[in-house]
Amino acid sequence: MIYMGNVSKIYETGAVALSNISVEIKSGEFVFVVGPSGAGKSTFIKLITREELPTNGQIAIGGHNLLSLNPAQVPYYRRQLGIVFQDYRLLPNKTVFENVAFAMEVIEATRSEIMHRVIHVVDLVGLRQKMNRYPQELSGGEQQRVAIARAIVNDPVVLVADEPTGNLDPDTSWEIARILEDINRSGTTIIMASHDKSVVDKLRRRVLAFEKGRLVRDQVRGVYGYEN
Ligand code: ADP
Ligand code: ADP
């Protein structure tokens, strides 16, 4: 599903964000990406979303060689991903329903497909009662649930999340983690960069630990493994 071979990323500034990373992630896995600030976690995520290109090495995701995608193909590639950010990135002038529906309008789904599917995923994240609210009327945890609903509405092959619980309190973070666990159980591959020791240690999924751009640990049923 995801393959990286000898991947390095050196930014224009000379910062070595990733050094010689080789990793394979199979369909259906739940993978945490951990490490201190500056370790390369965000860069790893941005290589998958094709926001950044590697300086060296190979990346293939779902049969696409990311190095040979031309710029016009990148948006089509990204539509196969679900992406969740720390800061939610909802459209402030759209309701919960409209925020999620918008992701389907982009792929030109029909009105009835949109109605059916949006209600289903909003239900799945527990926000049926808040379908017509605007983002600013919701708590942080609720906004992140909307972002998750939006990310899964088109049934992505991979859900990528960069610090999705970074702005949330521990109980709310755990609720978000449980929702991601449910989504993974239904077959979606999840890759989640996280500083959340308690979430990582409770879920016990595969852990990729980075330090100074190197992959220092790849652990099945892993733990967070260091103090924040
Ligand atoms: P993390 O997500 O683990 O905090 P990052 O991937 O953001 O790590 O950063 C890894 C290293 O690359 C750091 O030294 C960071 O300063 C550097 N870096 C990240 N993004 C850029 C960028 N756009 N330009 C230059 N350096 C960057
Ligand atoms: P995150 O909290 O998601 O790891 P960062 O705070 O590392 O994000 O980075 C925020 C933005 O700034 C990103 O787009 C990243 O690529 C960029 N960035 C990070 N470090 C540097 C750097 N040293 N020089 C230039 N841009 C950077």
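Residues numbered from 1 in each chain as written. Chains lettered and ligands numbered in written order. Predicted model: local features only at pLDDT ≥ 70, side-chain atom pairs only at ≥ 80, totals over all residues. Heavy atoms only, no water.

**Some remarks on the overall build of the protein**
Regarding its fold elements, the protein presents 7 helices and 10 strands. For 228 residues, the compact-globule estimate of 2.2 N^0.38 gives 17 Å, and the C-alpha radius of gyration of the protein, at 17 Å, lies within 12% of that figure. By principal-axis analysis of the C-alpha atoms, the protein measures approximately 45 × 40 × 30 Å. Across the 228 residues of the protein, 48% fall into the buried class. When the accessible area of the protein is evaluated, it comes to approximately 11,000 Å², of which 48% is carbon and sulfur surface. Averaging the locations of the 27 positively and 26 negatively charged side chains of the protein gives two centres separated by 2 Å. (Helix = DSSP H or I, 4+ residues; strand = E, 2+ residues; numbered from the N terminus. Rg over C-alpha atoms; globule rule 2.2 N^0.38 Å. Buried < 20%, exposed > 50% of the residue type's maximum accessible area, 1.4 Å probe, protein only. Areas by Shrake-Rupley, 256 points an atom, 1.4 Å probe, with all protein chains shown as cover. Lys, Arg positive; Asp, Glu negative; His and termini not counted. Charge placed at Lys NZ, Arg CZ, Asp CG, Glu CD.)

**Examining the site of ligand 2**
Lining the immediate surroundings of ligand 2 are Ser42, Lys46 and Asp162. Ser42 places a side-chain nitrogen or oxygen 2.7 Å from an oxygen atom of ligand 2. In the model, an oxygen atom of ligand 2 is placed 2.8 Å from a nitrogen or oxygen of the Lys46 side chain. Calculation on ligand 2 without its partners gives an accessible area of 550 Å², and the protein chains cover 24% of this total. (Near = heavy atom within 4 Å. Polar contact = N/O pair within 3.5 Å; in protein donor to acceptor, adjacent residues only side chain to side chain.)

**Topic: the sheet that holds strand β6 (residues 81–84)**
In space, the 6 strands of this open sheet follow the order β6-β7-β8-β3-β9-β10, with mixed pairing throughout. Looking at strand neighbours, the two that pair on one side only are β6 and β10 (214–219), the edges of this open sheet. Each adjacent strand pair in this sheet contributes to an overall mean axis angle of 15°, direction not counted. As paired elements, strand β3 (residues 30–34) and strand β9 (residues 206–211) share 4 bridges and run parallel to each other. When the bridges of β9 are listed, Val31 appears paired with Arg206. Most of the contacts of helix α5 (residues 140–152) go to β6, to which it runs at about 165°, and overall it touches β6 and β7 (158–162). (Pairing = 2+ DSSP bridges. Axes fitted to C-alpha atoms, helices over the stretch in contact; angles between N-to-C directions. Contact = heavy atoms within 4.5 Å.)

**Focus on the nonpolar core**
Phe32, Val118 and Leu180 are the most contacted members of the largest nonpolar core, which totals 44 residues. Setting aside its immediate chain neighbours within four residues, Val118 contacts Phe97, Val100, Ala101, Met104 and Val153. Counting 27 residues, the second-largest nonpolar core is a separate cluster that includes Ile2, Val7, Val158 and Leu208. (Core = buried A, V, L, I, M, F, W, Y, C linked by side-chain atoms within 4.5 Å.)

**Looking at the packing of aromatic side chains**
The full count for this structure, using the stated rule, is 3 aromatic pairs. A ring pair is formed by Phe30 and Phe32, whose centres lie 5.0 Å apart and whose planes are at 50°; its orientation type is tilted. The burial state of Phe30 is the same as that of Phe32; both residues are buried. Ring geometry for Phe44 against Phe210: centres 5.2 Å apart, planes inclined by 50°, an arrangement best described as tilted. Of this pair, Phe44 sits in helix α1 (residues 41–48) while Phe210 sits in strand β9, and the two are 166 residues apart along the sequence. The pair formed by Phe44 and Phe210 is uniform in burial state, with each residue classed as buried. When the ring centre of Tyr76 is taken as reference, the NZ or CZ atom of Arg79 above it lies at 4.7 Å. When the ring centre of Trp174 is taken as reference, the NZ or CZ atom of Lys202 above it lies at 4.1 Å. (Phe/Tyr/Trp six-rings, centres within 6.5 Å; stacked < 30°, edge-to-face > 60°. Lys NZ or Arg CZ within 6 Å of the ring centre and 35° of its normal.)

**Remarks on the pairing of β9**
Within β9, 5 of the 6 residues are buried, which leaves it mostly tucked inside the rest of the structure. Strand direction decides the pairing type here: β9 and β10, joined by 5 bridges, are antiparallel. Note on β10: the bridge partner recorded for Val207 is Gln219.

**Brief notes about the sheet that holds strand β2 (residues 16–25)**
Strands sit in the order β2-β1-β4-β5 across an open sheet of 4 strands; the sheet is antiparallel. In this open sheet, the two strands that pair with only one neighbour each are β2 and β5 (64–65). In the sheet, strand β1 (residues 2–10) pairs with strand β4 (residues 56–61) via 5 bridges, with the strands oriented antiparallel. When the sheet's bridge partners are listed, Gly5 is paired in β4 with Gln58. Helix-sheet contacts for α1 involve β1, β2 and β4, and the interaxial angle to β2 is about 55°.

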